[in-house]
Amino acid sequence: WNVIKDGMYMVANGNTPHATATYYFNGMKPPLYVKSGTAEVTVNGEVAVNNTLIAYMKDLPFAAVVVYPSVTPDVGSGYGKAEDLMKTIVNNFWQYIMPKPKEDQ
């Protein structure tokens, strides 16, 4: 379990080539633990990409998932769309649902 948690922390907060989401989440307080990914699919005979992401915050009893489905070349790049949406979800969580812990503000 620690390997998974450490890996998810590094995706959002690390400084290696495997830290694929640091552009979006590095420096957020409290930090996010993230797994991002893409999956190629075929839509009407055309290759498309699903941009996916799951994230959680330490000591909160839930995770959030975003899937930005079937982005095709004619629509433009979907890379980063799930990350952008997750950042909005997290910021709205702290603004409308629950205040940030004092030590992380």
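Before reading further, recall that the structure is shown in the block above.
Residues numbered from 1 in each chain as written. Predicted model: local features only at pLDDT ≥ 70, side-chain atom pairs only at ≥ 80, totals over all residues. Heavy atoms only, no water.

Caption draft 1: Fine view of the overall build of the protein. A tally of regular secondary structure across the protein gives three helices and three strands. Along its sequence from the N terminus, the protein presents helices and strands in the succession α-α-β-β-β-α. The long-range fraction of contacts in the protein, counting pairs at least 24 apart against all pairs at least 6 apart in sequence, stands at 41%. With an accessible surface of roughly 6900 Å², the protein has 56% of that area assigned to carbon and sulfur atoms. (Helix = DSSP H or I, 4+ residues; strand = E, 2+ residues; numbered from the N terminus. Contact = heavy atoms within 4.5 Å. Areas by Shrake-Rupley, 256 points an atom, 1.4 Å probe, with all protein chains shown as cover.)

Caption draft 2: Structural detail: the pairing of strand E2 (residues 46–57). One ladder, built from twelve bridges, connects strand E1 (residues 32–43) with E2; its direction is antiparallel. Bridge pairing in E2 links Ser-36 to Leu-53. In textbook terms, the turn of a hairpin is the stretch between consecutive antiparallel strands, and for E1 and E2 this stretch comprises two residues, one of which, Asn-44, has a positive phi near 50°. (Pairing = 2+ DSSP bridges.)

Caption draft 3: Region of interest: the nonpolar core. Membership of the largest hydrophobic core comes to 18 residues, with the highest contact counts inside it found for Phe-25, Leu-32, Val-34, Leu-53, Met-57, Met-86 and Val-90. When residues of this core are traced back to their parent elements, those giving at least two are helix H1 (2–13), helix H2 (22–25), E1, E2 and helix H3 (81–97). A per-element tally of this core places H3 first, with five residues. (Core = buried A, V, L, I, M, F, W, Y, C linked by side-chain atoms within 4.5 Å. Buried < 20%, exposed > 50% of the residue type's maximum accessible area, 1.4 Å probe, protein only.)

Caption draft 4: Molecular detail of the packing of aromatic side chains. Scanning the model with the defined rule gives six aromatic pairs in all. Between Tyr-23 and Tyr-24 the ring centres are 5.0 Å apart and the planes differ by 85°, which places this aromatic pair in the edge-to-face class. According to the relative accessible area criterion, Tyr-24 is buried, its value standing at 18%. With a centroid separation of 4.9 Å and an interplanar angle of 70°, the aromatic rings of Phe-93 and Trp-94 are classed as edge-to-face. A relative accessible area of 10% means that Trp-94 is categorised as buried. Among the aromatic residues, those joined into a ring-pair cluster are Tyr-9, Tyr-33 and Tyr-56. (Phe/Tyr/Trp six-rings, centres within 6.5 Å; stacked < 30°, edge-to-face > 60°.)

Caption draft 5: Region of the structure containing the side chain of Glu-83. Examined against the element boundaries, Glu-83 turns out to sit in helix H3. The buried charged residue Glu-83 lacks any salt bridge, with Lys-35 as its nearest oppositely charged partner at 9.1 Å. Beyond its immediate sequence surroundings of up to four residues, Glu-83 is in contact with Tyr-24, Phe-25, Ser-36, Asn-51 and Leu-53. (Lys, Arg positive; Asp, Glu negative; His and termini not counted. Salt bridge = Lys/Arg side-chain N within 4 Å of Asp/Glu carboxyl O.)

Caption draft 6: Spotlight on unusual backbone geometry. Along the chain, Lys-29 connects to Pro-30 via a cis peptide bond; the corresponding omega equals -10°. Tracing the chain through its elements places Pro-30 in the loop between H2 and E1. In this model, Asp-59 sits at a positive phi of 75°, which is unusual for a non-glycine residue. Within the secondary structure layout, Asp-59 lies in the loop between E2 and strand E3 (63–71).

Caption draft 7: Quick look at the side chain of Ser-36. Mapped onto the elements, Ser-36 comes out in strand E1. A polar side-chain atom of Ser-36 sits 3.0 Å from a polar atom in the side chain of Thr-20. Setting aside residues no more than four positions away along its own chain, Ser-36 makes contact with Val-11, Thr-20, Thr-52, Leu-53 and Glu-83. (Polar contact = N/O pair within 3.5 Å; in protein donor to acceptor, adjacent residues only side chain to side chain.)

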